[in-house]
Amino acid sequence: MESMVPMETLVSLCKRRGFIYQSSEIYGGLASAWDYGPMGVELKNRVQNFWWREMTQLHENIVGLDASILMHPRVWEASGHVESFTDPLVDCKKCKQRFRADQIPKQNMETHSCPECGGELTDPRQFNLMFRTHVGPVESDAFLVYLRPETAQGIYVNFKNVVQTARMRVPFGIAQVGKAFRNEITTKNFIFRTCEFEQMEMQFFIHPSEDGKWFEQWKQERFEFYEKMGIRETRMRFHQHGPDELAHYAKIAFDIEYEFPFGWRELEGIHNRTDYDLRRHMEYSKKDLTYLDDLRGGERYIPYVIETSAGLTRTVLTVLADAYDEEEVEGEKRVVMRLHPELAPVTVGVFPLVKKDGLAELAQEVARDLREDFTTFYDQGGAIGRRYRRQDEIGTPFGVTIDYQSKDDRTVTLRYRDTMEQVRVPIVELPERIRQAVREYRRVD
Ligand code: GAP
């Protein structure tokens, strides 16, 4: 089995190569908040686009939505989040540290002793994870609102709008990507669990009698999605929620788990939310959210929802951890991010062998043309081997090198990141050769 990258190594590469920085670093940082640098934002956008294409473009019965983060506060009463979206917390009276009661050893809970210093723990208190803020200039009489803890509710409250304006018929889905916020008490492991994060959620509305069939279908499709992105199947598995793990809205839930360097953890949740959310919004808003099904002889019902809920930022961590590889090449360590070419922040690196004798000019011309089709990075500084290594570390799948022969016959070498194989290719054929290699990509370790 391949070895796992230590988190410190991954965090350090992410900083060094401009993927992820600590938020407000010059002020000492803000715990659990992270900024995506030039490489990170490209990677995150590509993961998001991959999901969006998969979920909307490739499904004729799924449409998109972009709802606002701030919503009417009644939404969160109806959804059950005001009442039930809580974590049990305990405080140590001695060292003042705070812990999630369900995450510390059972023995400590039984003896009321702090897992860090042995001091006395308080009884557990329920702590709501939603961030609150106010709309209006004077806090005392302003309107209390919450930063949404999941994007899903924006979809439920727009269910009727979408049915009417996009003329969707059950079964159909609504997909959305956006920020969510949770006042998490334990925020370690880099970008795995943060207070501000992004979700990629899809709510699939179905006839209640078909929930088993659609649940199974989405479970399989979502697992295959990660394989398509190049994530190793051996590091993924399903985990079914037991009765004590189920969220307040779920009848059945499965997580897709990934084996992170810190252990198996949830990557995405697939939930059968039944008619819980639409029914509750009907009760609280007094609006009719039933669906008239003309394909079922005019039957009127509240659709069930199968939800697929993935973390965008958590998927970025998964992609990075899964891609990291080290090997020895000619007595030196080569660090290579084996990212799927559709996710890599840069697709092609272009390098003149040397700057002089017109090679730089020809290389710039090649880079300019490739830029029309691919994210391209031009680099003429330093030894060619070092330039390759820099691109390997950010996962650039293809390298194009312009040498003296290029001036004579307008051919270049095309280098493949994973195998380091180099082939001679006419400049005019480069775009098609690269496109083909992207289409046919299979990871080689
Ligand atoms: N709408 C259902 C829902 O939000 P969830 O299991 O609480 O379900 C779904 O969250 C996904 O969102 C998780 O599988 C994870 O990928 C991501 N996620 C949840 N909390 C997160 C956090 N604090 N930081 C980063 N990602 C998080």
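Residues numbered from 1 in each chain as written. Predicted model: local features only at pLDDT ≥ 70, side-chain atom pairs only at ≥ 80, totals over all residues. Heavy atoms only, no water.

## A look at the site of the ligand
Surrounding the ligand, one finds 20 residues, the nearest of these being Glu-150, Thr-194, Glu-201, Glu-266 and Glu-307. The side chain of Glu-184 places a nitrogen or oxygen atom 2.9 Å from a nitrogen atom of the ligand. Contacts to the ligand include Arg-273, whose side-chain N or O atom sits 3.4 Å from a nitrogen atom. In isolation the ligand exposes 550 Å². Once the protein is present, 93% of that is buried. In the shell around the ligand, the residues fall into four nonpolar, six polar and ten charged. (Near = heavy atom within 4 Å. Polar contact = N/O pair within 3.5 Å; in protein donor to acceptor, adjacent residues only side chain to side chain. Areas by Shrake-Rupley, 256 points an atom, 1.4 Å probe, with all protein chains shown as cover. Nonpolar A, V, L, I, M, F, W, Y, C, P; charged D, E, K, R; others polar.)

## What about the domain arrangement of the chain?
For the chain, the assigned domains read domain 1 (7-72 + 131-320), domain 2 (86-128) and domain 3 (346-439). Just the C-alpha atoms count here: the centres of domain 2 and domain 3 sit 56 Å apart. (Domains from an automatic or database assignment.)

## A closer look at the environment of Val-163
Note on placement: Val-163 falls in helix H7 (residues 159-165). Looking at Val-163, the relative accessible area reads 17%, which means it is buried. Note: C-alpha distance between Val-163 and Tyr-291 (128 residues apart in sequence) is 8.7 Å. (Helix = DSSP H or I, 4+ residues; strand = E, 2+ residues; numbered from the N terminus. Buried < 20%, exposed > 50% of the residue type's maximum accessible area, 1.4 Å probe, protein only.)

## Focus: the pattern of salt bridges
Opposite charge on two side chains lets them pair, provided their charged atoms get close. For the structure on display, the rule yields 46 salt bridges. Residue Glu-257 is joined to Arg-237 by a salt bridge in which the shortest nitrogen-to-oxygen separation is 2.8 Å. On the criterion of sequence distance, the pair formed by Glu-257 in strand S12 (residues 252-260) and Arg-237 in strand S11 (residues 236-240) is long-range, its members being 20 residues apart. Judged by its relative accessible area of 38%, Arg-237 is partly exposed. In this structure, Asp-392 engages Arg-389 in a salt bridge whose closest nitrogen and oxygen atoms are separated by 3.8 Å. Highlighted residues: Asp-392 and Arg-389, both in helix H12 (residues 384-394), separated by three residues, approximately one helical turn. (Salt bridge = Lys/Arg side-chain N within 4 Å of Asp/Glu carboxyl O.)

## Re the sheet that holds strand S20 (residues 376-378)
The pairing of strands in a sheet comes from backbone hydrogen bonds and takes either a parallel or an antiparallel form. Taken in spatial order, the five strands make up an open sheet running S20-S19-S21-S22-S23, and their pairing is mixed. Each edge of the open sheet carries a strand with a single partner, namely S20 and strand S23 (422-426). Mean inter-strand twist for the sheet, computed between neighbouring axes without regard to direction, equals 25°. Here strand S21 (residues 398-402) runs beside strand S22 (residues 411-416); their pairing, made up of four bridges, is antiparallel. For Val-400, the partnering residue across the bridge sits in S22 and is Leu-414. With respect to the sheet, helix H11 (residues 359-371) is in contact with strand S19 (348-352), S20 and S21, its orientation differing from that of S19 by roughly 165°. On the sheet, helix H14 (residues 430-439) packs against S19, S21, S22 and S23 and is oriented at approximately 15° with respect to S22. (Pairing = 2+ DSSP bridges. Axes fitted to C-alpha atoms, helices over the stretch in contact; angles between N-to-C directions. Contact = heavy atoms within 4.5 Å.)

## Looking at the state of the cysteines
Evaluation of the coordinates by the stated rule reveals zero disulfides. Take Cys-114: it sits in no disulfide, and the sulfur closest to it among the cysteines is that of Cys-92, at 3.8 Å. The thiol of Cys-195 is unpaired, and the distance to the nearest cysteine sulfur, on Cys-14, comes to 19 Å. (Disulfide = S-S within 2.5 Å.)

## Some points on the sheet that holds strand S6 (residues 125-128)
Here three strands make up an open sheet; going across it, the order is S5-S4-S6 and the pairing antiparallel. Looking at which strands have only one partner, the edges of the open sheet turn out to be strand S5 (98-100) and S6. Averaged over neighbouring strand pairs, the angle between their axes works out to 45° when direction is ignored. Strand direction decides the pairing type here: strand S4 (residues 86-91) and S5, joined by three bridges, are antiparallel. Following the sheet pairing, Asp-91 is matched in S5 by Arg-98.

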